[in-house]
Amino acid sequence: MRERGGKATVDERYTQWKSLVPVLYDWLANHNLVWPSLSCRWGPQLDQATYKNRQRLYLSEQTDGSVPNTLVIANCEVVKPRVAAAEHISQFNEEARSPFVKKYKTIIHPGEVNRIRELPQNSKIVATHTDSPDVLIWDVEAQPNRHPMLGATESRPDLILTGHQENAEFALAMCPTEPFVLSGGKDKSVVLWSINDHISSLAESSSKSPVSSTPNSSGKPSIKSGNEKSSDSTTVGPRGVYQGHEDTVEDVQFCPSSAQEFCSVGDDSCLILWDARVGTSPVVKVEKAHNADLHCVDWNPHDQNLILTGSADNSVRMFDRRNLTSGGVGSPIHKFEGHKAAVLCVQWSPDRASVFGSSAEDGFLNIWDYEKVGNKKERSATKMSNSSPPGLFFQHAGHRDKVVDFHWNASDPWTIVSVSDDCGSTGGGGTLQIWRMSDLIYRPEEEVLAELEKFKAHILSCSPSPKS
């Protein structure tokens with residue numbers, strides 16, 4: 001239970017942050033959630049206008065049982081860079097919904113939604129984890145819109161992926177190169193599927209798979225479901241089950257360039273690398289990758305030697321796959337120690353190879369640049385401030401409780417969606433924020449100084465000249 005003094009500290013910190021929003025951010029939208037969402041993901045960009053883009057956003061509603069749990073498809077208006085007025089972006093009501101986020105469709109989900117992941121080849125297809133051994137696959141555009149009332153029948157997934165022996169609740173990934181799905185669970189196993197392994201009842205006669213490369217006018221893979229003829233969803237068995245962890249698998253990730261290589265982390269403090277081409281045993285097992293349970297992992301899409309892990313020991317570590325261990329235990333090339341509670345989510349930036357984000361139970365979402373670690377100028381600045389950890393260059397403090405998930409927007413550089421579960425601070429619900437830091441923070445210093453000089457010269461030229 002949080003002490004009164006601690007609560008005041010959270011409120012003071014938040015008030016200070018809100019006063020700095022016009023300086024730190026190019027744009028920010030705050031959206032109050034009646035029910036917490038444990039996951040948030042960007043979907044496809046729908047259209048572009050002069051000042052903003054419209055894009056799908058995937059969320060969930062984790063309810064108390066008085067209404068069903070749901071998977072929510074929302075439309076989000078993302079304001080373009082250098083459009084929003086600074087004084088406007090900080091004028092929001094914490095209890096209100098954002099005008100930039102509109103609910104588009106609701107799917108009544110069988111059980112609570114713990115994790116959402118979109119298929120990179122067609123982000124209209126998503127996978128979800130719930131408190132069961134199965135992975136559920138949804139074609140969100142084809143699914144009917146439902147009204148979540150008590151007693152309403154659950155929506156029917158387009159596919160169900162089976163293979164876990166116990167609940168698989170959080171570890172979930174989609175492959176960037178092929179329609180493959182990866183999952184981890186309480187049965188200590190990692191399971192791999194190909195959605196292409198399903199031949200739907202509608203397509204059996206022509207022997208077509210549900211995810212083909214040219215099924216529609218867009219050329220994107222799509223699911224052909226047999227649900228019209230059956231009350232039960234079609235199931236797909238695994239390509240492989242991989243054993244090597246000694247406790248629950250908490251997160252999994254594909255190698256960005258290979259559907260056959262992937263990694264996993266778990267409550268056994270291990271990071272494991274796998275290769276489906278050489279069998280179901282670990283290729284490399286990194287013992288004691290951290291000093292506690294591992295919660296999250298991500299593989300750098302720009303430099304495939306680099307893997308990030310986040311842990312209950314409050315730290316983020318960066319490993320080089322060419323040199324993962326030393327003396328039989330994990331040997332990270334960097335340790336990032338800026339959080340004061342367990343790290344829940346890590347993700348590399350899609351825009352810059354050295355930049356990544358980490359979110360934690362301390363309510364912060366930190367943005368790091370590993371190239372700043374060891375930089376002489378950075379070290380001297382750190383010494384002078386005596387507070388900022390090496391590599392940390394931005395701290396998003398807009399949430400007042402644990403930041404359970406966030407997602408960089410691949411269609412809109414430096415734009416992030418983040419979500420917090422506010423049950424511990426405000427007594428319920430959650431907060432969704434969509435934000436973009438000021439580009440003066442991350443652009444090269446020389447470029448920023450040149451722009452500020454130009455701005456200064458413009459201001460001076462506009463000022464009335466003193467009378468002689």
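Computed from a predicted structure; not experimentally measured.

(A) Seen up close, the overall build of the protein chain. Along the protein chain, the regular secondary structure elements total five helices and 31 strands. With 468 residues in all, the protein chain has 54% of them scored as buried. For the protein chain, the computed accessible surface area is about 20700 Å², with 49% contributed by carbon and sulfur atoms.

(B) Inspection of the packing of aromatic side chains at higher detail. Going through the model one piece at a time under the given rule, you end up with 18 aromatic pairs. Geometrically, the ring pair formed by Phe336 and Phe356 is edge-to-face, given 5.0 Å between the ring centres and 75° between the ring planes. Separated by 20 residues along the polypeptide, Phe336 in strand E24 (residues 334–336) and Phe356 in strand E26 (residues 355–360) bring together distant segments of the chain. Pair check on accessibility: Phe336 and Phe356 agree, each one buried. When the centroid spacing of 5.8 Å and the interplanar angle of 25° are considered together, the rings of Phe394 and Trp435 count as stacked. Of this pair, Phe394 sits in strand E28 (residues 392–396) while Trp435 sits in strand E31 (residues 430–437), and the two are 41 residues apart along the sequence. For the pair Phe394 and Trp435, one class covers both residues: buried. The residue whose ring lies beneath Lys18 is Phe92, and the NZ or CZ to ring-centre distance is 4.2 Å.

(C) Representation of a nonpolar patch on the surface. On the surface, Leu440, Leu449 and Leu452 cluster together into a nonpolar patch covering about 250 Å² of accessible area. Its location among the elements puts Leu449 in helix H5 (residues 445–462).

(D) Local environment of the sheet that holds E24. Pairing is antiparallel across the open sheet formed by four strands, whose spatial order is E19-E20-E21-E24. A single partner strand is all that each edge strand has here, and the edge strands are strand E19 (294–299) and E24. When the angles between neighbouring strand axes are averaged without regard to direction, this sheet yields 20°. When E19 meets strand E20 (residues 306–311), the two strands line up antiparallel, connected through five bridges. Along E20, the bridge assignment pairs Cys296 with Gly310.

(E) Quick peek at the sheet that holds strand E15 (residues 249–254). On the basis of which strands lie adjacent, the open sheet formed by four strands has the order E15-E16-E17-E18 and antiparallel pairing. The sheet terminates laterally at E15 and strand E18 (284–286), the two strands that pair on one side only. With strand direction ignored, the average angle separating the axes of adjacent strands in the sheet is 15°. With three bridges joining them, strand E17 (residues 271–275) and E18 adopt antiparallel strand pairing. Residue pairing for E18: Ile272 is matched across the bridge by Lys285.

(F) Spatial organisation of the environment of Ala289. In this fold, Ala289 is placed in the loop between E18 and E19. Overall, the relative accessible area of 0% leaves Ala289 in the buried class. When residues no more than four places from it in sequence are discounted, the contact partners of Ala289 are Ser269, Leu271, Leu294, Arg317, Phe319 and Gly330.

(G) Looking closely at the side chain of Ser155. Within the secondary structure, Ser155 is located in the loop between strand E8 (135–139) and strand E9 (159–161). Engagement of the side chain of Ser155 in a polar contact is seen with the side chain of Arg146, the distance being 3.5 Å. Filtering out sequence-adjacent residues up to four positions away, Ser155 remains in contact with Ile107, Ile108, Pro110, Trp138, Gln143 and Arg146.

(H) How the structure looks around the confidence of the model for the protein chain. Taken residue by residue, the protein chain gives an average pLDDT of 89. The fraction at 70 or more is 87%. This model gives residues 1–5 a pLDDT under 50, and the stretch forms five contacts once residues within four places in sequence are excluded. Throughout residues 225–230 the model reports pLDDT below 50, and contacts reaching past four residues in sequence, or to other chains, amount to 15 contacts.

(I) Summary view of unusual backbone geometry. Here the phi dihedral of Arg82 falls at roughly 60°; this positive angle occurs in a residue that is not glycine. Positionally, Arg82 belongs in the loop between strand E4 (70–79) and helix H2 (86–89). Positive phi, normally seen in glycine, also occurs at Ser269, with a value near 65°.

(J) Region of interest: the pattern of salt bridges. By the definition in use, this model includes 22 salt bridges. Here Arg277 and Glu261 are joined by a salt bridge, their closest N and O atoms 3.3 Å apart. Pair noted here: Arg277 is in the loop between E17 and E18 and Glu261 is in strand E16 (residues 261–266), with a separation of 16 residues, a long-range link. By relative accessible area, Arg277 is classed as exposed at 54%.

(K) Looking closely at the UniProt feature "repeat: WD" (unreviewed entry) in the protein chain. Per the UniProt entry, the sites bearing "repeat: WD" (unreviewed entry) are residues 242–284, 287–320 and 336–371 in this numbering. Secondary structure content for residues 287–320 is 0% helix and 50% strand, and the end C-alpha separation is 15 Å. Strand forms 50% of residues 336–371 and helix 0%; the C-alpha atoms that close the span are 12 Å apart.

(L) Layout of the nonpolar core. If you look at the biggest cluster of nonpolar residues, it comprises 42 residues, and the most contacted ones within it are Leu57, Ile367, Leu432 and Ile434. Among all residues touching Ile367, those that are not within four sequence positions of it are Val355, Phe356, Gly357, Gly391, Leu392, Phe393, Phe394, Trp408, Ile416, Trp435 and Met437. Formed by 16 residues, the second largest nonpolar core is a distinct cluster that contains Tyr242, Ala259, Cys270 and Trp274.

(M) Just the environment of Arg322, in detail. Its location among the elements puts Arg322 in the loop between strand E21 (316–320) and strand E22 (325–326). Judged by relative accessible area, which is 61%, Arg322 ranks as exposed. C-alpha separation for the pair Arg322 and Leu306, spaced 16 residues apart in sequence, amounts to 9.0 Å. Reaching out from Arg322, the side chain makes a polar contact with the side chain of Asp320 at a distance of 2.6 Å.

Conventions used here
- Residues numbered from 1 in each chain as written.
- Predicted model: local features only at pLDDT ≥ 70, side-chain atom pairs only at ≥ 80, totals over all residues.
- Heavy atoms only, no water.
- Helix = DSSP H or I, 4+ residues; strand = E, 2+ residues; numbered from the N terminus.
- Buried < 20%, exposed > 50% of the residue type's maximum accessible area, 1.4 Å probe, protein only.
- Areas by Shrake-Rupley, 256 points an atom, 1.4 Å probe, with all protein chains shown as cover.
- Phe/Tyr/Trp six-rings, centres within 6.5 Å; stacked < 30°, edge-to-face > 60°.
- Lys NZ or Arg CZ within 6 Å of the ring centre and 35° of its normal.
- Patch = residues over 30% accessible without salt bridge, like charges linked within 9 Å, V, L, I, M, F, W, Y side chains within 5 Å.
- Salt bridge = Lys/Arg side-chain N within 4 Å of Asp/Glu carboxyl O.
- Pairing = 2+ DSSP bridges.
- Axes fitted to C-alpha atoms, helices over the stretch in contact; angles between N-to-C directions.
- Contact = heavy atoms within 4.5 Å.
- Polar contact = N/O pair within 3.5 Å; in protein donor to acceptor, adjacent residues only side chain to side chain.
- pLDDT = per-residue confidence, 0-100.
- UniProt positions renumbered as here; feature names shortened; annotations may be inferred.
- Core = buried A, V, L, I, M, F, W, Y, C linked by side-chain atoms within 4.5 Å.

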